[in-house]
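A closer look at the structure
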Amino acid sequence: MISSGAPETAVSPVRDLYDVRVVRDVRIPTRDGHGSLGADLFLPITEAPVPALVTLLPYRKDAFAGIGGFSTYRWFARHGYATVLADLRGTGSSDGPRHPPFDPREGDDGAALVEWAGRQDWCSGSVGMWGVSYGAMTALRTAERGPKALRAILPVMGMLDPELDFVHPGGIRGALGPLGIWSLDTLLGHLLPPLSPAGGVDRRRWLERLEQDEPYLLDLFRHGPGHPSWRSRHIDASRIEVPTFCVAGWRDLFCEGTIRAYEAISAPKKLLVGPWMHTIPHESPFEAIDFHRLALDWWSAWLGEPGAEVERDGRVVLYVQGEQPRWQVQQSWPPAGDSLTWCATADNGLQRVDGISSMAEAAHLGAGYRRDPTVGALSGLWGVPTAGFGLPLDQHDDDLRSCHFTSRPLSNHLTIGGRMSVTVTLPKEPVLDRLVVKVTDVDPHGRSILIAAGAAAIHRSPVTNGSARRTVRIELPPTAYEVAAGHRLRLVLAHDDFPRLWPDGSTGDAFVLIGAELRLPVLTDEGRTVMPAAPACSDQNERLSLHNRSRWDLVRSPIQDAVAVTIVHDTSAYTPTKDHVLTVDSRVTATASGQDASANVHGVAKAVIRSSQHESATVRVDLVVTPTSATATGEVSMDGVRVFAKSWTAFTDEPATPKGAIP
């Protein structure tokens, strides 16, 4: 156990810094022999072979992937690890047609990448794989394949089930995240002309894809909740047999998926969960830590010399949120501890109860709730992929638009750790087909702070046991949060959570609530620690970004009873070869109306590429998503001459039974 205030120490030996040699567009054969993958190498200049770290992404090594990870790839190389960044098949400089997003065949290409790296004369034969977001998923999927050279992985903020973790949260169609931000960004990356030195080969490959490939948006929109295609895209983490260091953020949309991966893996493992949103921990605008050093310790332990005397740290380190936040060490996850039960009461209260069965005490609440498609905007952007901004706002107004139950002020602090669950009792034939659950911390001033939120689709199968009631249980994503003494606990039930979820287009009464029970796990203080703070970057050569500005607007119209959530990005950076400057302006707006329950998502983005030879290229993309259709358009101009323009449209399929629906 670590005593309070004990510093976090590095277990790896201090390495001399190496100079770095960068090799562009190396060709890597695929397992099936259909073309090759394109990769960039960051190699420490040394005569001795070194371990290799590989990353596989769909975001273009010559553009967004290379820009975003440039400093980290160089940092690992400077500290003695050959680093390989490769494009997914069908993207960037890699050959072949593009697979659908989250395709299981990406694991085969990941395995080919690992095996290739392990055979190179500059590699010691030990290979690790890591990545953030999609890169975390390709690391998990590759480890599921079990390539021999793979010794350990480090997935940061990834997911196992692309449908329930991202596209259709809880079995409900997603909105701003998958159909707005991600669809717009991936289409822009797809249309960008090649920016690597390969010249004519890359240009021919790019032109063929412009005509043949569809935007990811169409695949996500056509395959609604419960579509059979999603079953094959799930990752089975129980098959992973290599040591795994999972890094998650409580305010990240993939927190549940990352922790679920940790729970399923039986190999040596480590878990770190901070307060971050969807960003690598050392770049978070709040509570940034030295992720590079922690990663280096992990690689040193598992990719070093066989039999080396190193500490293989397998702890669970959690950031406990609240008024007095802290880093805390746990011996296991889920944490061992008691659970407490609270019941909703007829006066909109939330009462602590003892005993096994407490639902009977709230047996006839008779609490009615009308649908409000605009509820959810105050929850922030935790459910969409935004890096470091959009933390939850005061939930008070959304709480009042929902069915809510609030406890009396707590006499002592209450530390929650793990997954809370909510069980509700509804009439035999409920009107609703979904349920959103939130738990908040209400301070003495009445401000309501989101602790955790979950949702689930409800399949209306008939009740066959003769009961006049239907019981629904929803498990919330994991969290660690301390509710201070004098604060109150609030349970909130609703039908909508916009812009995270797409409204179903219905108005009127959503449900009559007969009973509601909240069960929460109690986290014990097993020991505290201090994490290493992220160092300031003093070497500007390690950074490519020129500027990065973001804006998040939330506008509510009382007259129209509508809400609009807008995210604006304005970024500019050198490309990895430093031959071009890439500037991107994007704007995505999700709008919902309470009058007719309508909703739409509209995104527009423009990328301008300027080269040292004064050549220029401009890419414009636009998408509009409604309840029944999704349309995307793209246009590419080179030196002012339009060379490509196309429009794509998809329509919804017949509704299927939502995966994960509660009967």
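Now for a description of the structure that goes with this document. What you see is a predicted model; the values in this text were computed from it and never measured.

1. Notes on helix H1 (residues 64-78)
Compared with an ideal rise of 1.5 Å per residue, which puts 15 residues at 21 Å, H1 spans 22 Å between its outermost C-alpha atoms and is within 8% of the ideal. In terms of residue burial, H1 counts as a mostly covered element, since 12 of its 15 residues are buried. All of the buried residues along H1 are Ala65, Gly66, Ile67, Gly69, Phe70, Ser71, Thr72, Tyr73, Arg74, Trp75, Phe76 and Ala77. Where H1 terminates, the next one or two residues include Gly80, which has phi positive at roughly 95°.

2. Looking at empty space enclosed by the protein
In the structure shown here, the tally under the stated rule is 4 cavities of 30 Å³ or more. Volume-wise, the largest cavity comes out at about 70 Å³. As for the largest cavity, its lining consists of Gly376, Ser379, Gly380, Leu381, Trp382, Gly383, Val384, Asp497, Phe498, Pro499 and Arg500. Considering only residue class, the lining of the largest cavity consists of 5 nonpolar, 4 polar and 2 charged. In this structure, the second largest cavity is lined by Arg24, Asp40, Lys61, Asp62, Leu195, Ser196, Pro576 and Thr577. Residue composition of the lining of the second largest cavity, grouped by class: 2 nonpolar, 2 polar and 4 charged.

3. Here we look at the pairing of strand S12 (residues 350-353)
Relative to S12, strand S11 (residues 339-344) runs antiparallel, the two being bridged by 4 bridges. Within the sheet, the bridge partner assigned to Ala344 lies in S12 and is Leu350. Connecting the antiparallel pair S11 and S12 is a turn made up of 5 residues, with Asn348 showing a positive phi of about 65°.

4. A closer look at the nonpolar core
Within the largest apolar cluster, 148 residues are counted, with the highest numbers of intra-cluster contacts made by Phe102, Trp122, Leu154, Leu272 and Trp299. With 9 residues, helix H9 (residues 291-303) is the single largest residue contributor to this core. Not counting residues within four places of it along the chain, the set of residues in contact with Leu154 comprises Met129, Trp130, Gly131, Phe245, Val247, Phe291, Ala295, Trp298 and Trp299. Listed in part, the 37 residues of the second largest apolar core include Tyr369, Val437, Leu491 and Leu520.

5. Focus on the pairing of strand S5 (residues 123-132)
When you tally the buried positions in S5, you get 8 out of 10 residues, the bulk of the element. Across 4 bridges, strand S3 (residues 50-57) lies against S5 in parallel orientation. Bridging from a neighbouring strand, Leu53 pairs with Gly128 of S5. As paired elements, S5 and strand S6 (residues 150-156) share 6 bridges and run parallel to each other. Of the residues in S6, the one forming a bridge with Gly131 is Pro155. Considered for its hand, the β-α-β crossover made up of S5, helix H3 (residues 134-145) and S6 is right-handed.

6. Quick word on unusual backbone geometry
Cis geometry is adopted by the peptide bond preceding Pro334, which originates at Trp333 and carries an omega value of 0°. Residue placement: Pro334 occurs in the loop between strand S10 (326-330) and S11. Notably, Phe102 is not glycine yet its phi reads approximately 65°, a positive angle. Of note, Phe102 is situated in the loop between strand S4 (82-87) and helix H2 (106-119). By relative accessible area, which is 1% here, Phe102 ends up buried. Positive phi values are uncommon outside glycine, yet Asn348 reaches one of about 65°. With respect to the helices, strands and loops of the structure, Asn348 is situated in the loop between S11 and S12. Judged by relative accessible area, which is 38%, Asn348 ranks as partly exposed.

7. Quick notes on the sheet that holds strand S18 (residues 448-457)
Within a sheet, each strand pairs with its neighbour through backbone hydrogen bonds, oriented either parallel or antiparallel. The 4 strands lie next to each other as S14-S21-S17-S18, forming an open sheet whose pairing is antiparallel. The open sheet has two edge strands with one neighbour each: strand S14 (403-406) and S18. Averaged over all neighbouring strand pairs, the angle between strand axes comes to 15°, with direction disregarded. Two strands pair when backbone bridges link them, and strand S17 (residues 434-442) and S18 are joined in this way by 9 bridges, in the antiparallel orientation. Bridged to Leu435 within S18 is Ala456.

8. Considerations on the side chain of His168
With respect to the element layout, His168 can be found in the loop between helix H4 (162-167) and helix H5 (176-191). Among residues more than four places away in sequence, those in contact with His168 are Glu163, Arg173, Gly174, Leu220, His223, Gly224, Pro225 and Trp230.

9. Re the environment of Asp108
Structurally, Asp108 can be placed in helix H2. Expressed as a C-alpha distance, the spacing of Asp108 and Arg31, which sit 77 residues apart in the sequence, is 6.8 Å. With near-sequence residues (within four places) excluded, Asp108 lies in contact with Arg31 and Arg145.

10. Section: the sheet that holds strand S28 (residues 599-611)
Strand order in the open sheet made by the 7 strands is S25-S26-S27-S28-S29-S30-S31, with antiparallel pairing throughout. Of all the strands in the sheet, just strand S25 (545-557) and strand S31 (641-651) have a single pairing partner and so form its edges. Direction aside, neighbouring strands of the sheet carry axes that sit 5° apart on average. Against the sheet, helix H6 (residues 200-212) contacts strand S30 (629-638) and S31, and its axis sits at roughly 40° relative to S31.

11. With respect to the pattern of salt bridges
Across all of its chains, the model carries 37 salt bridges by this definition. Here Arg434 ties to Asp433 by a salt bridge, and the two come within 4.0 Å at their closest N and O atoms. The class for Arg434 is buried, based on a relative accessible area of 6%. Connected through salt bridges with shared partners, the residues Arg24, Asp25, Arg27, Asp40, Lys61, Asp95, Asp202 and Arg205 form a single ionic network.

12. Some points on the side chain of Gln330
Within the secondary structure, Gln330 sits in strand S10. Side-chain polar atoms of Gln330 contact the side chain of Gln328, separated by 2.7 Å. Here the side chain of Gln330 touches Glu526 through a polar contact of 3.3 Å, side chain to side chain. Once you skip the residues sitting within four places of it in the chain, Gln330 turns out to touch Val316, Leu318, Pro335, Leu523, Thr524 and Glu526.

About the cut-offs
Residues numbered from 1 in each chain as written. Predicted model: local features only at pLDDT ≥ 70, side-chain atom pairs only at ≥ 80, totals over all residues. Heavy atoms only, no water. Helix = DSSP H or I, 4+ residues; strand = E, 2+ residues; numbered from the N terminus. Expected span 1.5 Å × (residues − 1). Buried < 20%, exposed > 50% of the residue type's maximum accessible area, 1.4 Å probe, protein only. 1 Å grid on protein atoms, 1.4 Å probe; cavity = no way out; pocket = protein on both sides within 12 Å on 5 of 7 lines; lining within 4 Å. Points joined across faces, edges and corners; volume = space filled by probe spheres on them. Nonpolar A, V, L, I, M, F, W, Y, C, P; charged D, E, K, R; others polar. Pairing = 2+ DSSP bridges. Core = buried A, V, L, I, M, F, W, Y, C linked by side-chain atoms within 4.5 Å. Contact = heavy atoms within 4.5 Å. Right-handed = clockwise from strand over helix to strand, strands pointing away. Axes fitted to C-alpha atoms, helices over the stretch in contact; angles between N-to-C directions. Salt bridge = Lys/Arg side-chain N within 4 Å of Asp/Glu carboxyl O. Polar contact = N/O pair within 3.5 Å; in protein donor to acceptor, adjacent residues only side chain to side chain.

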